[in-house]
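# Structural overview for review
Residue-level listing of the chains:
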Amino acid sequence: MGAKELLARCQKECETLVFDRFTREDAFELGCLIYQNSKKYPDPCCVEITVNGLVVFRYFPEGTIPDGNKWLARKRNTVDLMHMSSLQFLAWLEAAGETVEGRKLDPNEYAAGGGGFPLTIRSVGVVGSICVSGMPRHEDDHQLVVDSITEFLARQKQA
């Protein structure tokens, strides 16, 4: 998939995967769901959810390595700054022929790759981030978040 196609797909995901409400209890439930869904993948991943700058869920399962903390921060920073998924940021940069450094951003502080997703509340906007890190392919980090949010929103509608 080319950068423009990936950009369009990511934009659609960010527009579609929007919450009507989001509480700290929701953060706990979603974080646990992401962790459970991560078990389908061969590598363990760490999970973090923030709301208004506050970490409301974070988990580092057995087998994750300490640099996951830095990756979560880089993905969170990207989502907070750009209000888009970190994979969408990568596609946006590639489509424009840009780089993180070319945007005058420190690559030690921002990540262009999968795993960071905006936590968006309808009629409010982006209020935080949902981030995972640990898989060898950043597309898998992204897909884990997208699939888990999709499942969580479906459960909310049924309740």
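For the structure, see preceding data.
Residues numbered from 1 in each chain as written. Predicted model: local features only at pLDDT ≥ 70, side-chain atom pairs only at ≥ 80, totals over all residues. Heavy atoms only, no water.

## Digging into the pattern of salt bridges
For the coordinates displayed, the defined rule picks out 10 salt bridges. Residue lysine 75 is joined to aspartate 141 by a salt bridge in which the shortest nitrogen-to-oxygen separation is 3.0 Å. With lysine 75 in helix α3 (residues 68-82) and aspartate 141 in helix α5 (residues 138-158), this residue pair connects regions lying 66 residues apart in the sequence. By the burial criterion, lysine 75 is buried, and aspartate 141 matches it. A salt bridge links glutamate 151 to arginine 155; the shortest N-O distance between them is 2.8 Å. Of this pair, glutamate 151 and arginine 155 both sit in helix α5, four residues apart, which is roughly one turn of the helix. Glutamate 151 gets classed as partly exposed once you look at its relative accessible area, which sits at 28%. According to the relative accessible area criterion, arginine 155 is partly exposed, its value standing at 46%. Salt bridges here are not isolated pairs; linked through shared partners, they connect Glu48, Arg58 and Arg76. (Salt bridge = Lys/Arg side-chain N within 4 Å of Asp/Glu carboxyl O. Helix = DSSP H or I, 4+ residues; strand = E, 2+ residues; numbered from the N terminus. Buried < 20%, exposed > 50% of the residue type's maximum accessible area, 1.4 Å probe, protein only.)

## With respect to the packing of helix α1 (residues 3-16) against α5
Each pair of packed helices can be described by the angle between their axes along with the distance between the axes. Direction vectors running N to C along α1 and α5 enclose 30 degrees, while the axes themselves pass 11 Å from each other. Considering the angle they form, α1 stands roughly parallel to α5. For the pair α1 and α5, the crossing hand works out as left-handed. Contacts between α1 and α5 pair Arg9, Cys10 and Glu13 from the former with His142, Gln143 and Val146 from the latter. Residue classes in the contact of α1 with α5 are distributed as two nonpolar, two polar and two charged. (Axes fitted to C-alpha atoms, helices over the stretch in contact; angles between N-to-C directions. Parallel < 35°, antiparallel > 145°, perpendicular 65-115°, else oblique. Left-handed = near helix turned anticlockwise from the far one by under 90°. Contact = heavy atoms within 4.5 Å. Nonpolar A, V, L, I, M, F, W, Y, C, P; charged D, E, K, R; others polar.)

## What about the pairing of strand β1 (residues 46-51)?
For β1, the tally of buried residues reaches six of six residues, placing the bulk of the element in the interior. Where burial is concerned, the two faces of β1 agree: the one with Cys46, Glu48 and Thr50 and the one with Val47, Ile49 and Val51 are both buried. Bridging between β1 and strand β4 (residues 125-133) involves six bridges; their strand directions are antiparallel. Of the residues in β4, the one forming a bridge with glutamate 48 is cysteine 131. In this structure, β1 lies alongside strand β2 (residues 54-59), joined through five bridges in antiparallel fashion. Bridged to valine 47 within β2 is tyrosine 59. Count of turn residues in the β1/β2 antiparallel hairpin: two residues, of which asparagine 52 carries a positive phi of about 50 degrees. (Pairing = 2+ DSSP bridges.)

## Some details on the nonpolar core
Of all hydrophobic cores here, the largest spans 26 residues; its most connected members are Phe19, Phe22, Leu30, Ile49, Leu119, Ile130 and Ile149. Within the residue set of this core, elements represented by two or more residues are α2 (24-38), β1, β3 (116-121), β4 and α5. Sorting elements by how many residues they give to this core places α5 first, with six residues. (Core = buried A, V, L, I, M, F, W, Y, C linked by side-chain atoms within 4.5 Å.)

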